[in-house]
Amino acid sequence: MTRRSPARPWLVPTLVGSVAALGASALYALAATRKAERRTPPIGQFMTIDGLRLHYIERGHGEPLVLIHGNGTLIQDFLVSGIVDDLAKRHRVIIFDRPGYGYSDRPRGLWTPRAHATLFEKALERLDVSRAVVLGHSWGTLVAVALALQAPHLVRSLVLASGYYYPTLRADVILTAPVAIPGIGDLMRYTVSPLAGRLMLPALIKGMFAPAAVSERFDHAFPKDMMLRPLQLRASAEDAATMTPAAAELQHHYRDLRIPVVIITGGDDQIADVGRQSQRLHRELPGSTFMVVPGMGHMIHHLAPDQVIAAVARASEPAIRAVA
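Every chain is numbered on its own, with residues counted from 1 as its sequence reads. Totals for whole chains, interfaces and linings use every residue, but because this is a predicted model, local features are given only for residues with pLDDT of at least 70 and side-chain atom pairs only at 80 or more, for both listing and counting. As a convention, hydrogens and water are excluded, and side-chain values are obtained from all of the structure's heavy atoms.

Draft legend 1. Layout of the overall build of the chain. By the criteria applied, helices consist of DSSP H or I runs no shorter than four residues and strands consist of E runs no shorter than two, each listed in order from the N terminus. Broken down by element type, the chain carries 13 helices and 8 strands. Exposure is judged per residue with a 1.4 Å probe applied to protein chains only, and the accessible area is read against the type maximum: over 50% gives exposed, under 20% gives buried, and values in between give partly exposed. Taking all 324 residues of the chain together, the buried fraction comes to 51%. Within the chain, contacts between residues at least 6 apart in sequence are counted, and of these 79% link residues at least 24 apart. Here the chain displays about 15,000 Å² of accessible surface, and carbon together with sulfur accounts for 60% of that area. Residue contacts follow a heavy-atom distance rule, with two residues in contact if any of their heavy atoms lie within 4.5 Å. Under the convention used here, a 1.4 Å probe and the Shrake-Rupley method define accessible areas, while residue burial counts only the protein chains that appear.

Draft legend 2. Layout of the packing of aromatic side chains. Each aromatic pair joins two rings of Phe, Tyr and Trp (for Trp, the six-membered one) with centres within 6.5 Å, and gets the label stacked for planes under 30 degrees apart, edge-to-face for over 60, and tilted for any other angle. This structure, assessed with the given rule, holds 6 aromatic pairs. Consider the rings of Tyr-166 and Tyr-254, whose centres lie 5.6 Å apart with planes at 85°: the pair is edge-to-face. With a gap of 88 residues between them, Tyr-166 in the loop between strand E6 (155-161) and helix H6 (171-180) and Tyr-254 in the loop between helix H10 (230-250) and strand E7 (261-266) connect regions that are remote in the sequence. Here Tyr-166 falls in the buried class, since its relative accessible area comes to 1%. Taken together, the aromatic side chains of Tyr-56, Phe-96 and Phe-120 make up a single cluster linked through ring pairs. For a lysine, the NZ atom is tested; for an arginine, the CZ atom; a charge sits over a ring if that atom is within 6 Å of the ring centre and within 35 degrees of the ring normal. The ring of Tyr-103 carries the charged tip of Arg-229 above its face, separated from the ring centre by 5.8 Å. Between the NZ or CZ atom of Arg-280 and the centre of the ring of Tyr-166, over which it lies, the distance is 3.8 Å.

Draft legend 3. Structural context of the confidence of the model for the chain. Per residue, pLDDT captures the predictor's confidence, and it can take any value from 0 to 100. Mean pLDDT for the chain: 90, with 87% of residues reaching 70 or above. Scored below 50 in pLDDT, residues 319-324 makes 11 contacts in the model with residues more than four places away or belonging to other chains.

Draft legend 4. A look at the side chain of Ser-157. Note on placement: Ser-157 falls in strand E6. With a relative accessible area of 1%, Ser-157 lands in the buried category. Whenever two N or O atoms come within 3.5 Å, that pair is a polar contact, provided that in protein one can donate a hydrogen and the other can accept it, and provided that, for residues adjacent in sequence, both atoms are side-chain atoms. Only 2.9 Å separates the side chain of Ser-157 from the backbone oxygen of Ala-315, close enough to count as a polar contact.

Draft legend 5. Spatial organisation of the packing of helix H5 (residues 139-150) against H10. Whenever a helix is involved, its axis is fitted only over the stretch in contact; in every case the axis is a line through C-alpha atoms, and angles between N-to-C directions fall within 0 to 180 degrees. Remark: H5 packs on H10, axes separated minimally by 10 Å, with the N-to-C direction vectors making an angle of 40°. Regarding the angle of H5 to H10, the classification is oblique. As H5 runs across H10, the sense of the crossing is left-handed. On the side of H5, the interface is formed by Trp-139, Leu-142, Ala-146 and Leu-149, while H10 contributes Asp-239, Thr-242, Met-243, Ala-246, Ala-247 and Leu-250. Here the contact of H5 with H10 is built from residues that sort into 8 nonpolar, 1 polar and 1 charged. By definition in this entry, angles of less than 35 degrees are roughly parallel, angles greater than 145 are roughly antiparallel, angles of 65 to 115 are roughly perpendicular, and the rest are oblique. Crossings are classed by handedness, with left-handed meaning an anticlockwise turn of the near helix from the far one by less than a right angle and right-handed meaning a clockwise turn. Think of it as three bins: nonpolar holds Ala, Val, Leu, Ile, Met, Phe, Trp, Tyr, Cys and Pro, charged holds Asp, Glu, Lys and Arg, and polar takes everything else, Gly as well.

Draft legend 6. Structural view of the sheet that holds strand E4 (residues 91-96). At least two bridges found by DSSP between two strands is the condition for calling them paired. Read across the open sheet, the 8 strands follow the order E1-E2-E4-E3-E5-E6-E7-E8; overall the sheet is mixed. What marks the edges here is a single partner per strand, and that holds for strand E1 (45-49) and strand E8 (289-293). Geometrically, the sheet is characterised by an average inter-axis angle of 25° between neighbouring strands, direction not taken into account. Across 5 bridges, E1 lies against strand E2 (residues 52-59) in antiparallel orientation. Bridging from a neighbouring strand, Gln-45 pairs with Tyr-56 of E2.

Draft legend 7. Structural detail: unusual backbone geometry. Cis geometry marks the peptide bond from Ala-210 to Pro-211, where omega comes out at 10°. By the element assignment, Pro-211 lies in the loop between helix H8 (192-209) and helix H9 (216-221). Although it is not a glycine, Asp-128 sits at a positive phi angle of roughly 60°. Relative to the helices and strands, Asp-128 resides in the loop between helix H4 (113-126) and strand E5 (132-137).

Draft legend 8. Structural context of H8. In this analysis, the expected span of each helix is defined as 1.5 Å times one less than the number of residues it contains. Here H8 is 18 residues long and its end C-alpha atoms lie 26 Å apart, about the 26 Å a rise of 1.5 Å per residue gives. Where H8 bends most, at Met-200, the angle is about 45°, and the proline Pro-202 comes one to four residues later. Those residues of H8 that sit buried are Ser-193, Pro-194, Gly-197, Leu-201, Ile-205, Met-208 and Phe-209. The angle between axes fitted to the seven residues ending at a residue and the seven residues starting there is what we call the bend at that residue.

Draft legend 9. Layout of helix H13 (residues 305-316). Between the first and last C-alpha of H13 there are 17 Å, a value that for 12 residues agrees with the 16 Å anticipated at 1.5 Å per step. Of all the positions in H13, only Val-308, Ile-309, Ala-311, Val-312, Ala-315 and Ser-316 are classed as buried. Relative to the axis of H13, the buried residues are bounded by an arc of 155° and lie together on one face. The arc refers to the directions leading from the helix axis to the C-beta atoms.

Draft legend 10. Spatial organisation of the environment of Leu-285. Examined against the element boundaries, Leu-285 turns out to sit in the loop between helix H11 (275-284) and E8. We classify Leu-285 as buried; its relative accessible area is 9%. Remark: the alpha-carbon pair of Leu-285 and Tyr-254, spanning 31 residues in sequence, is separated by 7.6 Å. When residues no more than four places from it in sequence are discounted, the contact partners of Leu-285 are Tyr-254, Arg-255, Leu-257 and Val-261.

Draft legend 11. Broad picture of the nonpolar core. Judged by nonpolar contacts, the single largest core of 46 residues is most densely connected at Phe-96, Val-134, Leu-158 and Tyr-254. When residues in this core are grouped by element, the largest group, 8 residues, is from H5. We call a set of buried residues a nonpolar core when its members are Ala, Val, Leu, Ile, Met, Phe, Trp, Tyr or Cys and they connect through side-chain atoms within 4.5 Å of each other.

So this is what it looks like as structure tokens:
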């Protein structure tokens, strides 16, 4: 006599409920993305480089200054900080939405700092820019360094703010890695990740500013909803996953930099350890300038804008010479 498998009356309703929940999450993600983009439309211009649409803005006139934002943010990170208004009085300020952020495309591929640098090299040549001061913040410091190494004719000097330069074990890589994986990551980004991200975002932002308080301008004016769109979630996860190996590769070339380098960081940065990162880089580059702002966290351009502006001024000084 054949034994029959025990009935599982809960299985079908559970599966139907799961599919319905994922469908509802997907509809929420789509609606939230459309709402975020209606509230924060493109504010700059577009160019197409090798089939990729790149969004950027220009402000002011004078010596070119390129600003490269970090992981998770977009052009508005610099605008909201207030430094652009001041810098544009003396510089032609150019800010790119990095691939996958804001309104720049991000085709599938390995978007390392060097890949970013290759893209920006072509964009700056299109804009007839040479000998620019380049300021990178956080993940953007790796792009700034890669650009200086790959295209020294384009970069006159570097300002590296709150940077990550040497490989370390990072919890954020473990947490975000699934979102970067094609397939399962796509499913997550269009369903559960925007909802989870909305819940975790306040704590994440608080940690970026800690131990200082989140600035009022950032809290009220930065378009946080743009950070939770599926494409930007993928970009952020991929950047987190590639940051450590990118630093491991680039660290062997820091001494090849033959241009002035100004390093600035918050003294109590809780995202990038000051001693292991900025201070170590300063020791490796004897001709560099090292600026530490006591009591400040990772978002140094929001917390100490005057000091960041001073760092740019230092990097722009006519008397400053390349490191021998």
